[in-house]
Amino acid sequence: MTEVPHVSTHDAPEDVRNADILIYVDGKLVPREQAVVSVYDSGFMLGDGIWEGMRIYDGHIAFMDEHLDRLFEAALYIDLDIGMTRADLTKAVHDVLAANAMQTDAHIRLMVTRGKKRKPFQHPHLSIFGSTVVIIAEHSKPDDSVIDKGIRLHTVPHHRGMPLTQDAKLNSHSKLNCIIALNHAIRAGADEALMLDPFGFVNTTNACNFFIVKKGQVWTSTGDYCMNGITRQKVIDVCRANDIPVFERNYSLVDAYSADEVFLTGTFGAQTPVFEIDGRVIGDKIAGPVFHRIRALYKDLIVQS
Ligand SMILES: Cc1ncc(COP(=O)(O)O)c(C=O)c1O
């Protein structure tokens with residue numbers, strides 16, 4: 001392995017203000033150290049919950065409607081009564097930001113579980129106390145050095161599931177499949193895990209959506225088997241709006257290893273360049289021109305939104 005300092009798509013410089021943040025727990029704003037849920041909570045016991053990660057730029061939450069759409073779609077699918085409307089959740093999120101005087105460069109984790117259980121068993125009917133809603137907002141800004149360092153990926157044997165098992169479109173509290181994949185990649189000396197679909201086509205990483213650039217064209221997976229990432233969709237949208245050829249298609253590692261540029265997308269890091277996959281160096285090991293163009297267009301979109 002090359003001697004590149006460890007880096008991740010979710011690295012952020014430490015911010016001392018986060019020691020004193022207030023966290024929303026079921027309608028109350030409480031200091032971080034007192035922000036707790038029951039050991040009987042469905043999320044803690046079983047991973048029975050869903051969440052959204054959102055980012056604040058210059059006083060506004062980027063693409064909040066899309067995040068709430070995805071949360072409510074997931075809740076409907078898993079039969080979870082959030083117990084709050086979109087307006088309630090929106091107000092709660094804004095209350096957290098106001099209580100913490102957060103204007104920009106903050107990251108929100110909005111979590112909803114099936115709530116406290118009567119007994120420590122799986123049956124959803126044991127969750128008789130209503131949902132648990134927690135909102136953590138932290139001062140957090142991606143470490144810009146990741147653009148120069150680039151991410152190293154390792155392709156892992158753990159593939160993305162079919163909708164027949166746990167649909168990859170659920171931002172579930174249980175991320176074990178992704179965590180096992182990431183552990184495997186870390187043991188192989190990489191920063192993040194590249195995951196294939198059940199047929200061996202390149203799909204996604206454990207925490208981000210995956211794009212390659214070949215001869216000026218931008219390729220990403222068909223969208224099956226991966227998180228329906230909001231950043232992924234916005235990147236596709238900005239490409240289409242700016243005459244950058246973009247394709248959602250099947251492709252394999254043959255195409256990925258020989259790509260001119262590779263990058264990842266996700267709410268926190270926006271777009272993050274990849275410089276190495278399975279020991280193969282990508283392009284010139286620098287963030288390429290298509291990456292920079294898309295990143296600039298995405299920034300403009302956030303300003304307009
Ligand atoms: C597995 C996975 N892929 C991709 C993403 C990125 O999605 P988004 O762009 O909506 O943040 C996430 C974010 O939660 C994720 O968990």
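Here the structure is a predicted model, which is why all the values come from computation and not from measurement. (Residues numbered from 1 in each chain as written. Predicted model: local features only at pLDDT ≥ 70, side-chain atom pairs only at ≥ 80, totals over all residues. Heavy atoms only, no water.)

Peer 1: Kindly report on the site of the ligand, identifying the contributing residues and their values.
Peer 2: Residues in contact with the ligand amount to 15 residues; listed here are only the nearest, Arg-70, Lys-175, Ile-230, Thr-231 and Thr-267. Between an oxygen atom of the ligand and a side-chain N or O atom of Asn-171, the distance comes to 3.4 Å. Taking 390 Å² as the accessible area of the ligand by itself, protein coverage stands at 94%. Here the residues of the shell around the ligand are counted per class, giving five nonpolar, seven polar and three charged. (Near = heavy atom within 4 Å. Polar contact = N/O pair within 3.5 Å; in protein donor to acceptor, adjacent residues only side chain to side chain. Areas by Shrake-Rupley, 256 points an atom, 1.4 Å probe, with all protein chains shown as cover. Nonpolar A, V, L, I, M, F, W, Y, C, P; charged D, E, K, R; others polar.)

Peer 1: Explain helix α2 (residues 64-77) to me, using residue names and the numbers behind them.
Peer 2: Residue pairs spaced three or four apart in an α-helix point in one direction, given the helix's 3.6 residues per turn. Over its 14 residues, α2 extends 20 Å from the first C-alpha to the last, a length consistent with the 20 Å expected when each residue adds 1.5 Å. When α2 is considered as a whole, its buried residues turn out to be Met-64, His-67, Leu-68, Arg-70, Leu-71, Ala-74 and Ala-75. Within α2, the buried residues cover an arc of 160 degrees as seen down the axis, which keeps them to one side. Counted as exposed and oriented over 90 degrees from the buried face of α2: Asp-65, Leu-76 and Tyr-77. Those residues of α2 that are buried lie in contact with β3 (49-57), β4 (60-61), α3 (86-99), β5 (106-113) and α6 (230-241). Just downstream of α2, Asp-79 is the residue with a positive phi angle, here 60 degrees. (Helix = DSSP H or I, 4+ residues; strand = E, 2+ residues; numbered from the N terminus. Expected span 1.5 Å × (residues − 1). Buried < 20%, exposed > 50% of the residue type's maximum accessible area, 1.4 Å probe, protein only. Arc of directions from axis to C-beta. Contact = heavy atoms within 4.5 Å.)

Peer 1: An account of the nonpolar core is needed here, citing residue identities and associated values.
Peer 2: Membership of the largest hydrophobic core comes to 36 residues, with the highest contact counts inside it found for Phe-210, Val-218, Ile-277 and Ile-294. Residue contacts for Ile-277: discarding those within four places in its chain leaves Leu-153, Thr-155, Leu-194, Phe-210, Ala-256, Tyr-257, Val-262 and Ile-282. Counting residues in each nonpolar core, the second largest holds 34 residues, with Trp-51, Leu-68, Ala-92 and Leu-97 among its members. (Core = buried A, V, L, I, M, F, W, Y, C linked by side-chain atoms within 4.5 Å.)

Peer 1: Explain the packing of aromatic side chains residue by residue, including any values.
Peer 2: Enumeration over the complete set of coordinates arrives at five aromatic pairs. Each ring, one from Phe-211 and one from Phe-263, has its centre 5.0 Å from the other, and the planes form 5 degrees; the classification is stacked. With Phe-211 in strand β10 (residues 209-214) and Phe-263 in strand β13 (residues 261-266), this residue pair connects regions lying 52 residues apart in the sequence. Judged by relative accessible area, which is 0%, Phe-211 ranks as buried. Phe-263 gets classed as buried once you look at its relative accessible area, which sits at 0%. Taking the centre distance of 6.1 Å and the plane angle of 70 degrees together, the rings of Phe-263 and Phe-291 count as edge-to-face. (Phe/Tyr/Trp six-rings, centres within 6.5 Å; stacked < 30°, edge-to-face > 60°.)

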